[in-house]
Amino acid sequence: MPLKGKILELKKRKEEVLLGGGEQAIAKQQAMGKLTARERVIALLDEDSFNEYDLFAEHEARDFGMESKVLHGDGVIIGTGTIYGAPIAIFAQDFTVAGGSLGMMHARKITKIMDYALRMRIPLIGINDSGGARIQEGVNSLAGYGEIFFRNTLASGVVPQISVILGPCAGGAVYSPALTDFVFTVDNISKMFITGPEVIKTVLGEEISMEELGGARVHAEITGNAHFYAESEMECFEQIKKLITYIPWNNTKKARRFEPKDPKPEYNIEKIVPGDPKQPYDVRDVIRAVADDSDFFEVHEFWAANIVVGFGRINGETVGFVANQPLVLAGVLDVDSSDKAARFIRYCDAFNIPLVTLVDLPGYLPGVDQEHAGVIRHGAKVLYAFSEASVPKMTVILRKAYGGGYIAMNSRHLRADFVFAWPGAEIAVMGPEGAANIIFRKEITEAEDPEKMRRLKVKEYKQKFANPYVAASRGYIDTVIEPYETRKLLIHALEVSVNKVSDRPWKKHGIPPF
Ligand code: HXC
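None of these values were measured; they are calculated from a predicted model.

(A) Structural detail: the environment of Glu47. Tracing the chain through its elements places Glu47 in the loop between helix H3 (37–44) and strand S1 (51–53). For the pair Glu47 and Gly81, spaced 34 residues apart in the sequence, the C-alpha separation amounts to 9.2 Å.

Encoded structure:
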């Protein structure tokens, strides 16, 4: 056959395969409000940048009628492309082909692109939309998952790994996303759980819908499994593209620089934080006041909102912000906020992203619930993550820094490189009221007017300790600054930290309080 004929044959073969599970299955996918796997990849990547591989892959299963089944691409698309010019390796499960179920060839395609991402040191994006292990392929499917989990772990901290849940992701399949760095979800489309509603009904007799059990909101607000939540697939893709601009391609690189628009709009930063330490405010306003173009890309926005984490830029360079949020639970550290902060700190450290910590907290949350939920074990993660992090670490104490919270929030003692405090900072073992009640108990109870004496002693304690100058006199704080100087000093701190060295004893790895 002449080459022309062979080209025609290729075109015909491609056309067939590109139809995935066929028109009926595609119509079903669309009726569920979902894009097809190829539409998703094309919408996410730069125009005309996607190159697909293993288009003609075929399964080798021979049981339960599989021998006669043609599964185009074996239910998954793999390839490479770019996002804003950044190279990306990607896979997308095709639900129109056998429900995107994972058989041996399907898994081989995924592991092939994972190996590629790792070898080329480029980010990996996985779009999950699957009925889970392909039941007809038995242990081969399980082996496939195992191979994926192993590679997820191998790639962790080497290349960024992003999971997008755009359909069912059930049973053991959830563990690949759970091993990756960021999980994106979409309302009404993402469904993620270990045991589904039917099993729950059989075993526990409880009725629950898939959405209530493991929908996008559940994972964005309650479990913390999702880092991002969107109302539509297109909104989700915009979020992923934005994330890609903030992170480097691998752990040997820095994130790309994006010069700020000049000049930064005036922010009346001192007006954001009320003088009264009991008054709440939104710490994200402080972040926006110091970040380039007032742009803050929040991670885990709806979960453990008493701490705020996310990316911004300072003078063109990506930084990770970790900030107590006085608007929610007074910004305390608890089980979930400790997990959230620790994980984000480790991400930034693994990928050469300097950390900016903003402190305003009364300490760890007291209570039986927290103690029994393991606030000791979880709280220790923050100490571990900050101590371990060797990227440039800057701290600004905005207001309260009490007790264990002071130490945990990237204090000098955990090797912060720069610690700045605003003049309203209060650094003490505990709040003045609690402190005075304990250390002056005798004077207060024995006084003629105990309430008056209590007020007097609180004032005395406040004057002595509720300020930044005691810590500054010991060198625990490098300098007390006016709020408007914050951005200027952070820029300076980043400039002088470019060649930071951080010598640590050799170890295979530490044992963090997982
Ligand atoms: C083989 C599967 C499949 C699977 C779906 N299909 N899941 N084929 N193995 N796991 C096929 C269906 O037979 C159907 O084929 C097509 O995909 C579309 O599925 P529908 O059921 O028609 O779609 P829908 O009604 O939208 O329901 C989607 C679903 C449901 C909720 C995901 O299909 C489902 O419950 N699937 C089984 C889920 C499951 O139990 N998976 C195993 C989990 S255990 P046809 O030919 O009719 O179009 C697991 C262990 C992993 O994953 C452990 C790793 C460590």
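(B) Layout of empty space enclosed by the protein. Under the defined criterion, the tally for this structure stands at two cavities of 30 Å³ or more. Computed from the structure, the largest cavity encloses a volume of approximately 90 Å³. What lines the largest cavity is a set of 13 residues, among which Gln93, Asn128, Tyr145, Ala173 and Ser176 lie closest to the centre. If you list the elements that add at least two residues to the lining of the largest cavity, you get strand S3 (86–93), helix H5 (139–155), strand S6 (168–170) and helix H6 (175–179). Class assignment for the residues of the lining of the largest cavity results in nine nonpolar, four polar and no charged. Volume-wise, the second largest cavity comes out at about 60 Å³. Lining the second largest cavity, in full, are Phe91, Met114, Leu124, Gly126, Asn128, Ile148, Asn152, Gln161, Ile162, Ser163, Ser176 and Thr180. Elements supplying a minimum of two residues to the lining of the second largest cavity: strand S4 (124–128), H5 and strand S5 (161–165).

(C) Quick peek at the environment of Thr479. You can see Thr479 is positioned in strand S17 (residues 479–480). For the pair Thr479 and Lys261, spaced 218 residues apart in sequence, the C-alpha to C-alpha distance is 29 Å. In contact with Thr479, other than residues within four places in its own chain, are Val419, Phe420 and Ala421.

(D) Main features of the site of the ligand. In the vicinity of the ligand lie 18 residues, with Lys28, Gly99, Gly131, Ala133 and Ile135 positioned nearest. Contacts to the ligand include Lys28, whose side-chain N or O atom sits 2.9 Å from an oxygen atom. Between Ile135 and the ligand, the recorded distance is 3.1 Å, taken from a backbone N or O atom to a nitrogen atom. Here the ligand loses 52% of its free accessible area of 1000 Å² to cover by the protein chains. Breaking the shell around the ligand down by element, the ones donating at least two residues are H5 and S6.

(E) Spatial organisation of the packing of helix H4 (residues 104–120) against H5. Between H4 and H5, the least distance of the axes is 9 Å, while the angle of their chain directions is 10°. Comparing the axis directions of H4 and H5 gives the class roughly parallel. The residues of H5 that touch H4, namely those facing Met104, Ala107, Ile110, Thr111, Met114, Asp115 and Leu118, are Asn140, Gly144, Glu147, Ile148, Arg151, Asn152, Leu154 and Ala155.

(F) Highlighting the pattern of salt bridges. For the structure shown, the criterion picks out 31 salt bridges. Between Arg288 and Asp285 there is a salt bridge, with its nearest N and O atoms 3.2 Å apart. With Arg288 and Asp285 both in helix H11 (residues 283–290) and three residues apart, the pair spans about one turn of that helix. Arg288 gets classed as partly exposed once you look at its relative accessible area, which sits at 27%. A salt bridge links Asp292 to Arg487, with the nearest nitrogen and oxygen atoms 2.9 Å apart. With Asp292 in the loop between H11 and strand S10 (297–299) and Arg487 in helix H20 (residues 486–496), this residue pair connects regions lying 195 residues apart in the sequence. Asp292 sits in the buried class, given a relative accessible area of 3%.

(G) Molecular detail of the sheet that holds strand S2 (residues 76–83). Taken in spatial order, the seven strands of this open sheet run S1-S2-S3-S4-S5-S7-S9, and their pairing is mixed. Looking at strand neighbours, the two that pair on one side only are S1 and strand S9 (228–230), the edges of this open sheet. The average undirected angle you get between the axes of adjacent strands in this sheet is 20°. Of the strand pairs in this sheet, S3 and S4 are connected by four bridges, and their pairing is parallel. Opposite Ala89, over in S4, you have Leu124 as the bridge partner.

(H) The packing of aromatic side chains, seen in detail. Across all of its chains, the model carries 15 aromatic pairs by this definition. An angle of 20° between the planes, with centres 6.0 Å apart, marks the rings of Tyr246 and Phe311 as stacked. Of this pair, Tyr246 sits in helix H10 (residues 233–246) while Phe311 is found in strand S11 (residues 307–314), placing the two residues 65 residues apart along the sequence. Looking at Phe311, the relative accessible area reads 0%, which means it is buried. An aromatic cluster is built from Phe182, Phe184, Phe228, Tyr246, Phe297, Phe311, Phe344, Tyr347 and Phe351, whose rings are joined through pairwise contacts. Above the face of the Tyr246 ring, Arg313 is positioned so that its terminal group lies 4.1 Å from the ring centre. The positively charged end of Lys464 is found above the aromatic ring belonging to Phe465, 5.6 Å away from the centroid.

(I) Just the nonpolar core, in detail. Phe311, Val322 and Ile397 are the most contacted members of the largest nonpolar core, which has 65 residues in total. Within the second largest apolar cluster, 30 residues are counted, among which are Ile269, Ile272, Val286 and Leu358.

Cut-offs and rules
Note that residues are indexed from 1 along each chain, following the sequence as it is written. Residue-level local features of this predicted model are given only where pLDDT is at least 70; pairs of side-chain atoms are given and counted only at 80 or more, and the full residue set underlies all totals for whole chains, interfaces and linings. Side-chain measures were taken over the full set of non-hydrogen atoms in the model, leaving aside hydrogen atoms and water. The helix count covers DSSP runs of H or I at least four residues long, the strand count covers runs of E at least two residues long, and both are numbered beginning at the N terminus. As defined here, a cavity is a set of points on a 1 Å grid over the protein atoms alone where a 1.4 Å probe fits but cannot get out. A pocket is an open set with protein on both sides within 12 Å along at least five of seven lines, and residues line them when an atom is within 4 Å of a point. Grid points are joined across faces, edges and corners, and a volume is the space filled by probe spheres set on the points. Note on residue categories: nonpolar means Ala, Val, Leu, Ile, Met, Phe, Trp, Tyr, Cys or Pro, charged means Asp, Glu, Lys or Arg, and polar means any other residue, Gly included. Any two residues whose heavy atoms approach within 4.5 Å are treated as being in contact. Nearness is defined per residue: one heavy atom within 4 Å of the molecule or strand is enough. Under the rule applied, a polar contact is a pair of N or O atoms within 3.5 Å (in protein, one hydrogen donor and one hydrogen acceptor; residues adjacent in sequence only if both atoms are side-chain atoms). Here the accessible surface of atoms and residues is derived via Shrake-Rupley with a 1.4 Å probe, and residues count as covered only by protein chains that are part of the display. Here an axis means a line fitted to C-alpha atoms, over the contact stretch when the element is a helix, while the angle between two N-to-C directions is reported on a 0 to 180 degree scale. Roughly parallel covers angles under 35 degrees, roughly antiparallel covers those over 145, roughly perpendicular covers 65 to 115, and oblique covers all other angles. Salt bridge, as used here, is a side-chain nitrogen of Lys or Arg placed within 4 Å of a carboxyl oxygen of Asp or Glu. Remark: exposure states derive from per-residue accessible area (1.4 Å probe, protein chains only) relative to the maximum for the residue type, with buried under 20%, exposed over 50%, and partly exposed in between. Any two strands between which DSSP finds at least two bridges are classified as paired. Paired rings are identified among Phe, Tyr and Trp, the last through its six-membered ring, by centres lying within 6.5 Å, and are further divided according to the angle between planes into stacked (under 30 degrees), edge-to-face (over 60) and tilted (the rest). A ring is considered to have a charge above it if a Lys NZ or an Arg CZ atom is located within 6 Å of its centre and within 35 degrees of its normal. What we call a nonpolar core is a set of buried Ala, Val, Leu, Ile, Met, Phe, Trp, Tyr and Cys residues that are connected through their side-chain atoms within 4.5 Å.

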